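For reference, the chains in residue letters:
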Amino acid sequence: MSNYEAIKEKLLQRKDELERGMSQLYKEQVSEDQVLDTGDQAVSSSLEDIKIALHDKRLHEYQMVMKALEMIDNGTYGICIECGNPIAEKRLMLFPNSTRCLVCQEALEEKGG
Ligand SMILES: [Zn+2]
């Protein structure tokens, strides 16, 4: 069985938050569209851009969370995808979506990724 019950809890919590956030965003979009006629086009479209970016970010994180949960279930969670070494549990607690160990992550970021 997995040692990652606490992390799984965190991921499930985050998943709920993201789901709520995303459905909230949809609701806001609907209600705003109904009153947007008087608004400045430029302002409203940049507001839309921000919302879309925010949504993309959430969706991206949501996919990472789902992936992490899947990996916990099939026992591949916590293994660095670059070097195959186990990722420190402390790191996983802080960043449950980590798919790389600290060494590989830092190497990646140094490359400008
Ligand atoms: Zn690694």
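Criteria and cut-off values
- Residues numbered from 1 in each chain as written.
- Predicted model: local features only at pLDDT ≥ 70, side-chain atom pairs only at ≥ 80, totals over all residues.
- Heavy atoms only, no water.
- Phe/Tyr/Trp six-rings, centres within 6.5 Å; stacked < 30°, edge-to-face > 60°.
- Helix = DSSP H or I, 4+ residues; strand = E, 2+ residues; numbered from the N terminus.
- Buried < 20%, exposed > 50% of the residue type's maximum accessible area, 1.4 Å probe, protein only.
- Donors = N, O, S within 2.8 Å, 3.2 Å for Na, K, Ca; no water.
- Tetrahedral: all angles 85-135°; square planar, octahedral: opposite > 155°, others 65-115°.
- pLDDT = per-residue confidence, 0-100.
- Contact = heavy atoms within 4.5 Å.
- Salt bridge = Lys/Arg side-chain N within 4 Å of Asp/Glu carboxyl O.

Asker: Explain the packing of aromatic side chains here, please?
Answerer: The geometry of an aromatic ring pair is captured by two quantities: the separation of the ring centres and the angle between the planes. Counted under the stated rule, the structure contains one aromatic pair. Between Tyr 4 and Tyr 77, the aromatic rings sit 4.9 Å apart at their centres with planes inclined by 80°, giving edge-to-face as the arrangement. Of the two residues, Tyr 4 sits in the segment before helix H1 (5-35) while Tyr 77 sits in the loop between helix H2 (41-74) and helix H3 (89-94), which places them 73 residues apart along the sequence. This pair shows no difference in class: Tyr 4 is buried, exactly as Tyr 77 is.

Asker: What am I meant to see in the coordination of the zinc ion here?
Answerer: In an ideal octahedron of six donors the angles at the metal are 90 or 180 degrees, and in an ideal tetrahedron of four donors they are 109.5 degrees. Cys 80 (SG), Cys 83 (SG), Cys 101 (SG) and Cys 104 (SG) make up the full set of protein donors to the zinc ion, lying at 2.3 Å. Taken together, the four donor atoms coordinating the zinc ion and their angles of 105 to 116° define a geometry best described as tetrahedral. Counting residues between consecutive donors of the zinc ion along the chain gives the motif C-x2-C-x17-C-x2-C. Of the two residues, Cys 83 sits in the loop between H2 and H3 while Cys 104 sits in helix H4 (residues 102-110), which places them 21 residues apart along the sequence. The exposure class of Cys 83 is partly exposed, given its relative accessible area of 37%. With a relative accessible area of 16%, Cys 104 lands in the buried category.

Asker: So what exactly am I meant to see when it comes to the confidence of the model for the protein here?
Answerer: In regions of low pLDDT, the predicted coordinates are not meant to be interpreted in detail. Looking at the protein as a whole, the pLDDT averages 85, with 84% of positions reaching at least 70. For the protein, H1 is the element with the lowest average pLDDT, namely 82, and H4 is the one with the highest, namely 94.

Asker: What is the right way to read the environment of Asn 85 from this model?
Answerer: By the element assignment, Asn 85 lies in the loop between H2 and H3. Here Asn 85 falls in the partly exposed class, since its relative accessible area comes to 44%. Residues Asn 85 and Cys 101 lie 16 residues apart in sequence; the distance between their C-alpha atoms is 7.4 Å. Residue contacts for Asn 85: discarding those within four places in its chain leaves Gly 78, Ile 79 and Cys 80.

Asker: What is the right way to look at the pattern of salt bridges in this model?
Answerer: For the structure shown, the criterion picks out six salt bridges. The closest approach of N and O atoms between Asp 73 and Lys 8, which form a salt bridge, is 3.0 Å. With Asp 73 in helix H2 and Lys 8 in helix H1, this pair connects stretches of sequence that are 65 residues apart. When its relative accessible area of 22% is taken as the criterion, Lys 8 is described as partly exposed. Note that Arg 14 is salt-bridged to Glu 61, the shortest N-O span being 2.7 Å. A residue pair is termed long-range when its members are at least 10 positions apart, and Arg 14 in helix H1 and Glu 61 in helix H2 qualify at 47 residues. When salt bridges with common partners are traced through the structure, they connect Arg 14, Glu 17 and Glu 61 into a single cluster.

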